[in-house]
Amino acid sequence: MPQPIVWQCPSNIALVKYWGKHGVQLPQNPSVSFTLQQACTQMELRYTPNGGPAWTLNFWFEDQPNEKFREKIAQFLRSQAPEMPFLAGLDLQIRSRNTFPHSAGIASSASSMGALALCLSTLASQVAGHAPAPAEFYRQASRWARLASGSACRSVYGGATVWGSTPAVPGSSDEFAVPLPTALHPEFADYHDTILIVSGAEKSVSSRAGHALMQGHPYAQVRYQQARTHTTTLVEVLANGDLATFIEIVENEALTLHGLMMNSSPSFTLMQPNTLAIIARLRAYRQATGIPVCFTLDAGPNVHLLYPAAHEAPVMAWVRDQLAPLCENGRYLPDQLGAGPILTNG
Ligand code: PMV
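Residues numbered from 1 in each chain as written. Predicted model: local features only at pLDDT ≥ 70, side-chain atom pairs only at ≥ 80, totals over all residues. Heavy atoms only, no water.

Chemist: I'd like a description of empty space enclosed by the protein, backed by residues and values.
Modeler: Inspection of every chain in the model, using the stated rule, returns 1 cavity of 30 Å³ or more. In this structure, the largest cavity encloses a volume near 30 Å³. Looking at the largest cavity, the residues that line it are Ile 13, Phe 34, Leu 36, Tyr 191, His 192, Asp 193, Leu 306, Gln 336 and Leu 337. Of all the elements in the fold, those that place two or more residues in the lining of the largest cavity are strand E4 (31-49) and strand E10 (192-196). Class assignment of the residues belonging to the lining of the largest cavity gives a composition of 6 nonpolar, 2 polar and 1 charged. The residue makeup of the lining of the largest cavity includes at least three contributed by each of domain 1 (5-184) and domain 2 (192-336). (1 Å grid on protein atoms, 1.4 Å probe; cavity = no way out; pocket = protein on both sides within 12 Å on 5 of 7 lines; lining within 4 Å. Points joined across faces, edges and corners; volume = space filled by probe spheres on them. Helix = DSSP H or I, 4+ residues; strand = E, 2+ residues; numbered from the N terminus. Nonpolar A, V, L, I, M, F, W, Y, C, P; charged D, E, K, R; others polar. Domains from an automatic or database assignment.)

Chemist: Now, about the packing of aromatic side chains: what can you tell me, with residues and values included?
Modeler: Under the defined criterion, the tally for this structure stands at 15 aromatic pairs. Between Phe 61 and Phe 69 the ring centres are 5.2 Å apart and the planes differ by 80 degrees, which places this aromatic pair in the edge-to-face class. Exposure remark for Phe 69: the relative accessible area of 25% places this residue in the partly exposed category. (Phe/Tyr/Trp six-rings, centres within 6.5 Å; stacked < 30°, edge-to-face > 60°. Buried < 20%, exposed > 50% of the residue type's maximum accessible area, 1.4 Å probe, protein only.)

Chemist: I'd like a description of the domain arrangement of the protein, backed by residues and values.
Modeler: The parts lose accessible area when they come together, and the size of an interface is often stated as this lost area. Here the domain parsing of the protein yields domain 1 (5-184) and domain 2 (192-336). Between domain 1 and domain 2, the contact holds 34 residues from the first and 41 residues from the second. Across the domain 1 to domain 2 interface the summed buried area is about 3,100 Å²; carbon plus sulfur atoms make up 66%. When the buried surface of domain 1 facing domain 2 is broken down by residue, Leu 15, Lys 17 and Trp 19 rank first, second and third, together holding 26% of it. At the boundary of domain 1 with domain 2, the tally comes to 0 salt bridges. Linking domain 1 to domain 2 there are 10 residue pairs in polar contact (both at pLDDT 80 or more). Broken down by secondary-structure element, the contributors of at least two residues to the side of domain 1 that touches domain 2 are strand E1 (5-16), E4 and strand E8 (160-163). The element best represented in the side of domain 1 that touches domain 2 is E4, accounting for 8 residues. Among the residues forming the side of domain 1 that touches domain 2, the class breakdown is 21 nonpolar, 11 polar and 2 charged. (Contact = heavy atoms within 4.5 Å. Buried area = accessible area lost by both parts, 1.4 Å probe. Salt bridge = Lys/Arg side-chain N within 4 Å of Asp/Glu carboxyl O. Polar contact = N/O pair within 3.5 Å; in protein donor to acceptor, adjacent residues only side chain to side chain.)

Chemist: Let's hear about the environment of Leu 147: which residues, and what values?
Modeler: Relative to the helices and strands, Leu 147 is located in helix H3 (residues 134-149). A residue is classified by how much of its surface remains accessible, and Leu 147, at 15% relative accessible area, is buried. Sequence separation between Leu 147 and Leu 26 is 121 residues; the distance between their C-alpha atoms is 8.6 Å.

Chemist: I'd like a rundown of the site of the ligand, residues and numbers included.
Modeler: The immediate surroundings of the ligand are formed by Ala 14, Lys 17, Tyr 18, Trp 19, Gly 150, Ser 151, Arg 154, Ser 207, His 211, Leu 257 and Asp 298. In the model, an oxygen atom of the ligand is placed 3.0 Å from a nitrogen or oxygen of the His 211 side chain. Across the complex, the protein chains shield 91% of the 380 Å² of accessible surface that the ligand would expose by itself. Here the shell around the ligand spans two domains, since at least three of its residues come from each of domain 1 (5-184) and domain 2 (192-336). (Near = heavy atom within 4 Å. Areas by Shrake-Rupley, 256 points an atom, 1.4 Å probe, with all protein chains shown as cover.)

Chemist: Which residues make up the pattern of salt bridges, and what values do they have?
Modeler: Scanning all chains against the criterion turns up 12 salt bridges. Among the ionic pairs, Arg 70 bridges to Glu 67, the shortest N-O distance being 3.3 Å. With a gap of 3 residues between them, Arg 70 and Glu 67 both fall in helix H1 (residues 67-79), about one helical turn apart. Two residues, Arg 78 and Glu 71, come together in a salt bridge whose shortest N-O distance is 2.6 Å. With relative accessibility at 29%, the residue Glu 71 sits in the partly exposed group. A cluster of three or more residues bridged by salt bridges with shared partners is formed by Glu 67, Arg 70, Glu 71 and Arg 78.

Here's what the structure looks like:
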């Protein structure tokens, strides 16, 4: 019986946001992200030959059979049949769990679809009897992750990642993400991301519906151009350590994402009163202390606080005193820039 394949894949937080797509999960603009360290999916894939031409799939999430996720993955595998002939004649068993709590309002599709794509890439290598060169392996995993769930393609690499064709990054592509080609400035080493849980509720607008809001959006073209410019500048900033420009771009990207949702038709307001209260306190704190802490937001009310590791002690004391009371049940999750997925078996 073949050994199980086990990957641990982290989530990622976008600094320049992907919002709007075309074709088969292709982005309208390039995006840049930090891969996280703590918020991960651990996925185990077991496979046995069944002697037939077809494949079967069983799926467990946190030790329970989960039909909704099983069907989502089965649908993805069916849609990729021409690319995944190695699945033929295999009984597949997938067990998945997250290292972060279910009700933390953290999107799990990036880490879970990243983990799935990595497991499938390892399976393809095992069935073929030879592994491609690492760069090719990760490119394929990133492409499959993108086809499963857009921004998941950025999770297959550690550090900072770029998805979408941009002149700022040679070799970048709309089809898959690539690691930032230049070394990160030391300011960004172990960059912290403290995730403030304003609400752990399920997202009120799905990614699919969210991206669709950009079709015919009156600001769409201006937005895509802005994201291209932000990507070019941010790629420079990540190499030169200009934190003032980092803060300006990252906060503008978060508020632009939410602004686009608020002035879409239909319109969504995903920030909550405490999201805005946290932003106001953060800006006052930065002004008063000079500590370069900034925020970003996903498509939801929770706030990601981003800051250099050197400022951990005062920022965490301030979070405990001033921001935790604005979080649901006082909850926040410490995280930081991570080294990327790990193959723990296979
Ligand atoms: O990958 P999706 O389809 O879940 O879209 C992600 C969209 C944002 O999280 C809001 C931005 C991003 O680039 O991750």
